[in-house]
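Understanding the architecture of this molecule
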Amino acid sequence: MSTPPEPRTIAIVGAGMVGVSCGLFLQRDGHSVTILDPNDPGSGASFGNAGSISQSSIMPSSSPGLVKRLPKMLLDPESPLVLRWQYLPRLLPWLAGYLRNSARPRVKRNCRAMGALFEHVIDAYDVLIRDAGGGDLIDATGALKVYESDAAFEASAFERAMMEACGCAFDVLNEDELRQMEPNLAPIFKHAVFIPGSRQIRSPARLVETLAESFRARGGTILHEHVRNVSVDGTGRVRIATESGSHEADRVVIAAGVRSNGFARRLGARVLLDAERGYHIMMPAPERSVNRYVQFADRKFSLSPHESGIRMTSIVELASVDAKPDYRRIRRLLPHAARVLPGLSAEEQSIWMGARPSTPDNVPVIARSPRQENVFFAFGHSHLGMTLGPLTGRIIADLVAGRDPGLDMTPYGAERPFG
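Residues numbered from 1 in each chain as written. Predicted model: local features only at pLDDT ≥ 70, side-chain atom pairs only at ≥ 80, totals over all residues. Heavy atoms only, no water.

Let us now look at the overall build of the protein chain. Across its full length, the protein chain holds 14 helices and 21 strands. Taken over C-alpha atoms, the radius of gyration comes to 21 Å for the protein chain, in line with the 22 Å a tight globule of 419 residues would show. C-alpha extents for the protein chain along the principal axes are approximately 65 × 45 × 40 Å. In the protein chain, 76% of the contacts between residues at least 6 apart in sequence involve partners at least 24 apart. Accessible area of the protein chain: about 17,200 Å², with a carbon and sulfur share of 50%. (Helix = DSSP H or I, 4+ residues; strand = E, 2+ residues; numbered from the N terminus. Rg over C-alpha atoms; globule rule 2.2 N^0.38 Å. Contact = heavy atoms within 4.5 Å. Areas by Shrake-Rupley, 256 points an atom, 1.4 Å probe, with all protein chains shown as cover.)

This is how it looks when you write it as structure tokens:
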């Protein structure tokens with residue numbers, strides 16, 4: 001029987017799904033935990049995602065052949081990849097690493113790193129849901145990726161091969177099988193891939209809020225303060241400076257999404273992290289809707305059922321995290337959404353942009369700082385913060401306690417070769 005860890009005071013910078021999950025797992029070990037964020041829990045990137053708890057999204061957005069496809073994609077006004085050219089000088093180091101990671105050997109390496117995490121995703125979720133509630137917000141309906149053309153399906157052969165190699169269960173469906181599963185889709189799809197282990201969150205924001213309330217009920221503190229600096233003094237004591245004052249802790253977890261980069265650098269870790277900005281549009285749910293998360297491979301967008309309507313998500317936009325949103329690209333997809341789901345009123349109820357914190361290899365940083373033993377990193381989850389948040393929390397609690405997380409943690413280190 002393992003010895004319980006010594007109780008510590010721990011500060012977490014960031015109140016998204018990752019930060020709140022870290023807080024809950026650290027509480028399970030008896031630590032006194034404070035979360036600091038200027039905004040409400042789950043109001044950032046955790047708010048705006050598709051809500052899929054994925055069991056298969058191992059393929060990085062920097063995929064094989066990207067270098068050859070890139071010029072055409074950047075010139076296509078309906079491409080899901082957007083580069084705001086005025087930010088190119090600042091983006092160059094990250095973008096260079098991103099393109100280098102499209103080499104097939106690196107893609108295979110990155111897929112294996114993500115596949116190793118996916119094996120433990122549902123178990124970590126089940127722990128938090130059992131302790132905190134919120135299970136009524138999650139449907140075990142699986143997820144779909146559908147293809148209109150033979151060419152699009154054939155182009156996904158490498159992805160399916162990597163899913164199989166990494167143990168991600170899936171079924172290939174024909175037209176009739178797809179129609180039985182999603183009878184309201186337009187009968188235009190020749191192929192589909194069904195991922196039975198995936199789940200759908202009806203309201204990502206409300207799920208994070210539910211977990212945050214459980215964190216508070218167990219004695220945790222959430223402070224609405226903007227963290228300006230994190231440092232470690234000569235005794236190893238962590239000091240957190242905010243616009244309202246200062247705080248001290250025995251340990252700190254940096255889970256501030258795309259803002260984590262600055263903290264990590266000041267704490268001695270040179271990570272490459274930037275924003276893959278994503279967009280969503282909420283529309284009223286049609287009478288005949290989709291039953292689960294559906295990704296449309298040909299046009300690179302998704303539809304997912306939420307408690308407040310149906311959400312369309314798309315776009316990887318490379319720009320400054322603080323650049324003004326440009327909603328034109330996502331709005332161009334509305335006619336395509338109406339075409340694939342007849343009866344959908346492509347009426348914009350609300351529109352949103354958020355910054356996905358991404359490393360060039362699309363693999364998160366989940367590690368102890370290489371320079372400060374009392375500092376832990378939990379960021380860089382790209383499109384998968386909602387999926388990987390609970391597992392990241394469990395791993396961070398293991399690292400703080402000195403336990404073996406049951407994974408080779410090398411691929412998620414802060415000093416790995418990102419590019």
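Past the structure itself, the notes keep going.
Reading across from one edge, S11-S12-S13 is the order of the 3 strands in this open sheet, with antiparallel pairing throughout. Each end of this open sheet is capped by a strand with a single partner; those strands are strand S11 (227-232) and strand S13 (245-249). Across the sheet, the mean angle separating the axes of adjacent strands is 20 degrees when strand polarity is ignored. Relative to strand S12 (residues 238-242), S11 runs antiparallel, the two being bridged by 5 bridges. Residue pairing for S12: Val227 is matched across the bridge by Thr242. (Pairing = 2+ DSSP bridges. Axes fitted to C-alpha atoms, helices over the stretch in contact; angles between N-to-C directions.)

Attention shifts here to the pairing of strand S6 (residues 143-147). Most of S6 sits inside the fold, with 5 of its 5 residues counted as buried. Neither face of S6 is open: one carries Ala143, Lys145 and Tyr147, the other Leu144 and Val146, and all of them are buried. One ladder, built from 5 bridges, connects S6 with strand S8 (residues 191-195); its direction is antiparallel. In the strand pairing of S8, Leu144 is matched with Phe194. In the sheet, S6 pairs with strand S16 (residues 293-296) via 4 bridges, with the strands oriented parallel. Following the sheet pairing, Leu144 is matched in S16 by Val294. (Buried < 20%, exposed > 50% of the residue type's maximum accessible area, 1.4 Å probe, protein only.)

So, about the packing of aromatic side chains. A full pass over the atoms with the stated rule returns 7 aromatic pairs. Centre to centre, the rings of Phe47 and Trp352 are 6.3 Å apart; their planes meet at 55 degrees, and the pair counts as tilted. Taken together, the residues Phe47 in helix H2 (residues 45-48) and Trp352 in strand S19 (residues 350-358) connect sequence positions 305 residues apart. Its relative accessible area of 33% is what places Phe47 among the partly exposed residues. (Phe/Tyr/Trp six-rings, centres within 6.5 Å; stacked < 30°, edge-to-face > 60°.)

Let's shift gears to the sheet that holds strand S21 (residues 375-379). The 6 strands are arranged S10-S2-S1-S14-S21-S20 in an open sheet whose pairing can be described as mixed. A single partner strand is all that each edge strand has here, and the edge strands are strand S10 (221-223) and strand S20 (365-368). When the angles between neighbouring strand axes are averaged without regard to direction, this sheet yields 15 degrees. Pairing geometry for strand S14 (residues 251-254) and S21, over 3 bridges, is parallel. For Val253, the partnering residue across the bridge sits in S21 and is Phe376. Helix-sheet contacts for helix H10 (residues 204-217) involve strand S2 (32-36) and S10, and the interaxial angle to S10 is about 120 degrees.

It is worth spelling out the pattern of salt bridges at this point. Tallied over the entire structure, the rule returns 27 salt bridges. Note that Arg403 is salt-bridged to Asp398, the shortest N-O span being 2.8 Å. Residue classification places Asp398 among the buried positions, given a relative accessible area of 7%. Look at the salt bridges and you will find they share partners, linking Asp233, Arg237, Arg239, Glu248 and Asp250 into a network. (Salt bridge = Lys/Arg side-chain N within 4 Å of Asp/Glu carboxyl O.)

What follows deals with the packing of helix H1 (residues 17-28) against helix H14 (residues 385-401). Where H1 meets H14, the closest approach of the two axes is 7 Å, and the angle between their N-to-C directions is 40 degrees. When you trace H1 past H14, the crossing you get is right-handed. Taken together, the residues of H14 that come into contact with H1 (itself represented by Met17, Val18, Ser21, Cys22, Phe25 and Leu26) are Gly385, Met386, Gly389, Pro390, Thr392, Gly393, Arg394, Ile396, Ala397 and Val400. Taken together, the residues of the contact of H1 with H14 sort by class into 10 nonpolar, 5 polar and 1 charged. (Left-handed = near helix turned anticlockwise from the far one by under 90°. Nonpolar A, V, L, I, M, F, W, Y, C, P; charged D, E, K, R; others polar.)

This paragraph deals with the nonpolar core. Membership of the largest hydrophobic core comes to 67 residues, with the highest contact counts inside it found for Ile58, Tyr125, Leu207, Val253 and Ile396. Phe189, Phe296, Ile315 and Leu341 belong to the second largest nonpolar core, which has 28 residues in total. (Core = buried A, V, L, I, M, F, W, Y, C linked by side-chain atoms within 4.5 Å.)

Glancing now at the packing of helix H6 (residues 121-132) against H10. Where H6 meets H10, the axes come as close as 10 Å, and the angle between the chain directions of the two elements is 65 degrees. Helix-helix and strand crossings are classified by hand; for H6 and H10 the assignment is left-handed. Contacts between H6 and H10 involve Tyr125, Leu128, Ile129, Asp131 and Ala132 from the former and Leu207, Thr210, Leu211 and Ser214 from the latter. Here the residues of the contact of H6 with H10 are counted per class, giving 6 nonpolar, 2 polar and 1 charged.

Tracing the backbone shows Gly354 in strand S19. The exposure class of Gly354 is buried, given its relative accessible area of 8%. Sequence separation of Gly354 and Ala45 is 309 residues, and the distance between their C-alpha atoms is 5.3 Å.

In terms of strand pairing, S12 meets S13 through 5 bridges, oriented antiparallel. Following the sheet pairing, Ala241 is matched in S13 by Ser246.

Of all the residues in helix H3 (residues 66-75), the buried ones are Leu66, Leu70 and Met73. End-on, the buried residues of H3 take up no more than an arc of 80 degrees, which puts them together on one face. Of the residues in H3, the exposed ones pointing more than 90 degrees away from the buried face are Lys68, Lys72 and Leu75. Along its buried surface, H3 packs onto strand S4 (81-83) and helix H4 (88-100). (Arc of directions from axis to C-beta.)

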